[in-house]
Amino acid sequence: MSALAATDATAPQPLLSVRDLTKAFPIRGGLLKREIGSVRAVDGVNFEIGPSETFGLVGESGCGKSTTGRCVLRLIEPSSGELRFEGKDVMSLSGDRLRALRRDIQIIFQDPYASLNPRMTVGAIIGEALTIHGLATSRPQYEARIVHLLETVGLQADHMTRYPHEFSGGQRQRIGIARALAVEPKLIICDEPVSALDVSIQAQVINLLEDLQQRFGIAYLFVAHDLSVVEHISRRVAVMYLGRIVETAASRQLYSTPKHPYTEALLSAVPIPDPSVKRKRIRLKGEVPSPINPPSGCHFHSRCPLAKDICSTEVPKLKESAPGHLVACHFR
Amino acid sequence: MGNYLLRRLIVAVPSLLGISLILFVLLALAPGDPFGELASNPNIPPEVREALRVKFGMDDPILVRYLHWLVAMVHGDWGFSFASRVNVDTLILQRIPTTLYVVGTAQLLALAVALPIGVLAATRPYSIFDQIANTFAFIGFSLPTFFTGLLLILIFSVNLGWLPFVYRTDIHATGWLWYWENIKQAIMPVTVLGLYQAASYTRYIRSAVLDVIKLDYVTTARAKGLDESKVIVKHVVRNALIPVVTLVALQMPTVFGGAIVTEQIFRVPGIGSLLISAILANDTPVIMAVTFVFACLVVLFNLIADILYGWLDPRISFR
């Protein structure tokens, strides 16, 4: 396991590669409920995740980051694009083969209160996945696995027979993590896993996730809107705006030298816990435009301080501006 | 749990006393009494009428009469039906099997229809199936049973002559034929009542399932790799049915209490029609006993619903 954890992110074959991923939700209206438009929640997203790498995906609410995460697992069916997991085409899978994929890719949800079935005991919630994928052959083995998983995430064996409502938010999120770990996945989609938790509990859960990565070599797609959490946990980070990735770079690089004007604005909004530090806040005009009718060309041009004519006519390509630093802007 | 049950049962006593007092006073204040018709009957001398009234304590103050009734009730004496000239409990026990058979079957039919349709409609919201199901549910509870009942009688009894339109308890047949006749005469009342009930159950189940189906733990179940039918049965339906169980449990008193309108249309000799004829005949002991039994059943099934709820939903504890 530890050998796997040491594998470099730049290994020849990425664990997951996403090409031109698009998800459009149709809007129906009128008397005949015909399609009158669509919300392009995800609009041509590209990224790769290496084995045991943490890839952060940040952006404001509604920018399509959670949809991207769910599309990777095909919990939401993508409209188009290419998904490859360990070189296998994920888009063509169906039925049993698609379910088998869910042994390799798991997901942790934002709301630990809604993501656990209130009528099942913790043991049953964790154990169900074991049964589905045939990971336990006997009752003692099944129970031993559940106890082991609970202990791995810092819970106790006797929690097995309890129900989710008997636990705190942080404990519930641990249950969610244990459940995801049960099938020994290679990639876990963390869909805002700490956004619903207290700050002190957030740190515990983040540390747990990092610890698990060290031990089992799991890769994470870490979706969040909290920039400092993402900076802390991710090796590489992508910034999304209205369904598109506007910038991708190594975490340190992105935070120290942001290139895209949107990233700059976003980072300038992160509070610094020191009132004596003065810095220039970049304030964006207006609200995020509606994804039903996004601005032409570069989606950001309507609020961008650098915008010129070309920005409203031509979509900027995501191109390398420094080694490993990709940015989608005509001027950077 | 034991404490909870005991406390609920103790609380039930004053509420049942209150209900019975209100019922009794209302009946006493209503115009007319079982001896009303004797007054206009020239064959009965006024002295006899007066003697009867005194004997049954008809002119005592209401509270005294109520206390008499209560003491008798506690001793198992449910009173005497003046119209039928038998004890009320005998009368009720005669009628209950028919009501249980007809109304109970109708409830089972309603659930058997509503469960699959409601769940299927919710798993494919706004699909063609859903829209058809919704339309029929809407029609179903818009049409009153006295209309659909008469419509069915007109079609299947009068025009086609397939089914009898008067329900009989004295069927002169033996063996299989007896069963067949009993089934045949129950078809129409059961259908009318069952489909009417199914319509509202369908709407209820559909919305309960829709509430649950979009929750994260259902997505979690899919993410585990569970196949869709198991996700629906194990994670969605089991949670969605908790409120439905309560609804059904609260419908149970009607299974005993009968369906007044439907029983009347098809001449089903059940509790519902007993109540109607007792009201028409000013037969107060019967009205009192039937309504009181009904009240007891409502209280009992409320308690059962609460216990079921706690058993089905581990988040609820009995305190």
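Residues numbered from 1 in each chain as written. Chains lettered and ligands numbered in written order. Predicted model: local features only at pLDDT ≥ 70, side-chain atom pairs only at ≥ 80, totals over all residues. Heavy atoms only, no water.

Draft legend 1. Examining the packing of helix H1 (residues 2–29) of chain B against helix H13 (residues 284–312) of chain B more closely. Residue and element names in this part refer to chain B. The N-to-C vectors of H1 and H13 enclose an angle of 155°; their axes lie 10 Å apart at closest approach. By the angle between their axes, H1 is roughly antiparallel relative to H13. As for how H1 packs across H13, the hand of that crossing is right-handed. Residue-level inspection shows Tyr 4, Leu 5, Arg 8, Leu 9, Ala 12, Leu 16, Ile 19, Ser 20, Leu 23, Phe 24 and Leu 27 of H1 in contact with H13, the latter providing Thr 284, Ile 287, Met 288, Thr 291, Phe 292, Ala 295, Cys 296, Val 299, Asn 302, Leu 303, Asp 306 and Ile 307. Broken down by class, the residue content of the contact of H1 with H13 amounts to 17 nonpolar, 4 polar and 2 charged. (Axes fitted to C-alpha atoms, helices over the stretch in contact; angles between N-to-C directions. Helix = DSSP H or I, 4+ residues; strand = E, 2+ residues; numbered from the N terminus. Parallel < 35°, antiparallel > 145°, perpendicular 65-115°, else oblique. Left-handed = near helix turned anticlockwise from the far one by under 90°. Contact = heavy atoms within 4.5 Å. Nonpolar A, V, L, I, M, F, W, Y, C, P; charged D, E, K, R; others polar.)

Draft legend 2. Quick look at the side chain of His 133 of chain A. Relative to the helices and strands, His 133 of chain A is located in the loop between helix H4 (122–132) and helix H5 (139–152). His 133 of chain A gets classed as buried once you look at its relative accessible area, which sits at 17%. In contact with His 133 of chain A, other than residues within four places in its own chain, are Arg 99, Arg 102, Arg 103 and Val 183 of chain A together with Lys 224 and Gly 225 of chain B. (Buried < 20%, exposed > 50% of the residue type's maximum accessible area, 1.4 Å probe, protein only.)

Draft legend 3. Layout of the interface of chain B and chain A. Taken together, the contact between chain B and chain A spans 18 residues of the former and 24 residues of the latter. Here chain B and chain A share 3 salt bridges between them. Here chain B is connected to chain A by 14 residue pairs in polar contact (both at pLDDT 80 or more). Secondary-structure elements contributing two or more residues to the side of chain B that touches chain A are helix H9 (216–224) and helix H10 (228–257) of chain B. If you tally residues by element for the side of chain B that touches chain A, the top one is H9 of chain B, at 7 residues. Among the residues making up the side of chain B that touches chain A, the classes are represented as 6 nonpolar, 5 polar and 7 charged. (Salt bridge = Lys/Arg side-chain N within 4 Å of Asp/Glu carboxyl O. Polar contact = N/O pair within 3.5 Å; in protein donor to acceptor, adjacent residues only side chain to side chain.)

Draft legend 4. Looking closely at the pattern of salt bridges. All names here are of chain A. With the rule as written, the count across this model stands at 25 salt bridges over all chains. Two residues, Lys 88 and Glu 86, come together in a salt bridge whose shortest N-O distance is 3.8 Å. The class for Lys 88 is partly exposed, based on a relative accessible area of 41%. Here Arg 139 ties to Glu 143 by a salt bridge, and the two come within 3.2 Å at their closest N and O atoms. Residue Arg 139 and its partner Glu 143 are both found in helix H5; the two are separated by 4 residues, about one turn of the helix. Judged by relative accessible area, which is 54%, Arg 139 ranks as exposed. What you see here is one network of salt bridges that share partners, running through Glu 86, Lys 88, Asp 104 and Lys 186.

Draft legend 5. Spatial organisation of the packing of aromatic side chains. For the structure on display, the rule yields 12 aromatic pairs over all chains. When the ring of Tyr 241 of chain A is compared with that of Phe 300 of chain A, the centres are 5.0 Å apart and the planes differ by 80°; the resulting orientation is edge-to-face. Highlighted residues: Tyr 241 of chain A in strand S9 (residues 236–241) and Phe 300 of chain A in the loop between helix H10 (261–268) and helix H11 (309–313), separated in sequence by 59 residues. The residues Tyr 241 of chain A and Phe 300 of chain A share a single accessibility class, namely buried. Their ring planes at 50° and their centres at 6.0 Å tell us that Trp 176 of chain B and Tyr 179 of chain B sit as a pair that is tilted. Separated by 3 residues within a single helix, Trp 176 of chain B and Tyr 179 of chain B lie in helix H8 (residues 175–213), roughly one turn from each other. On the basis of relative accessibility, which here comes to 76%, the residue Trp 176 of chain B falls in the exposed class. (Phe/Tyr/Trp six-rings, centres within 6.5 Å; stacked < 30°, edge-to-face > 60°.)

Draft legend 6. Main features of the sheet that holds strand S12 (residues 325–327) of chain A. Residue and element names in this part refer to chain A. On the basis of which strands lie adjacent, the open sheet formed by 8 strands has the order S6-S7-S8-S3-S9-S10-S12-S11 and mixed pairing. Both outer strands of the open sheet, strand S6 (105–108) and strand S11 (319–322), are each paired with one neighbouring strand and no more. On average, each strand axis in the sheet is inclined to that of its neighbour by 25°, with strand direction left out of account. Examined bridge by bridge, strand S10 (residues 244–250) and S12 share 2 bridges and lie antiparallel to one another. The partner of Thr 248 across the bridge, within S12, is Leu 326. Lying on the sheet, H10 is in contact with S9 and S10; it crosses S9 at an angle near 100°. (Pairing = 2+ DSSP bridges.)

Draft legend 7. Representation of a nonpolar patch on the surface in the model. Residue and element names in this part refer to chain B. Judged by side-chain polarity, Phe 146, Phe 147, Leu 151, Leu 154, Ile 155, Val 158, Leu 160, Trp 162, Ile 260 and Val 261 come together as a nonpolar surface patch covering roughly 910 Å² of accessible area. For the nonpolar patch, the secondary structure elements donating two or more residues are helix H7 (145–159) and helix H11 (260–265). Of the residues forming the nonpolar patch, the biggest block, 6 residues, is contributed by H7. Topologically, Val 261 is positioned in helix H11. (Patch = residues over 30% accessible without salt bridge, like charges linked within 9 Å, V, L, I, M, F, W, Y side chains within 5 Å. Areas by Shrake-Rupley, 256 points an atom, 1.4 Å probe, with all protein chains shown as cover.)

Draft legend 8. Region of interest: the sheet that holds strand S4 (residues 80–85) of chain A. Residue and element names in this part refer to chain A. Taken in spatial order, the 4 strands line up as S2-S1-S4-S5 in an open sheet, and their pairing is antiparallel. With partners counted over all chains shown, the strands left at the sheet margins are strand S2 (34–49) and strand S5 (88–89), one partner each. As paired elements, strand S1 (residues 16–29) and S4 share 5 bridges and run antiparallel to each other. Bridge pairing in S4 places Ser 17 opposite Arg 84. On the sheet, helix H2 (residues 65–72) packs against S1, S2 and S4 and is oriented at approximately 115° with respect to S1.

Draft legend 9. Main features of the nonpolar core. Residue and element names in this part refer to chain A. Counting residues in hydrophobic clusters, the biggest one holds 56 residues, and the most contacted among them are Ile 126, Ile 177, Leu 181, Ile 188, Leu 209 and Phe 222. If sequence neighbours within four positions are ignored, Ile 188 has contacts with Gln 106, Ile 107, Ile 108, Ala 180, Leu 181, Ile 218, Ala 219, Tyr 220 and Leu 221. If you look at the next biggest cluster of nonpolar residues, it comprises 35 residues, including Leu 16, Ile 49, Leu 57 and Leu 98. (Core = buried A, V, L, I, M, F, W, Y, C linked by side-chain atoms within 4.5 Å.)

The values are spatial; any link to function lies outside them.
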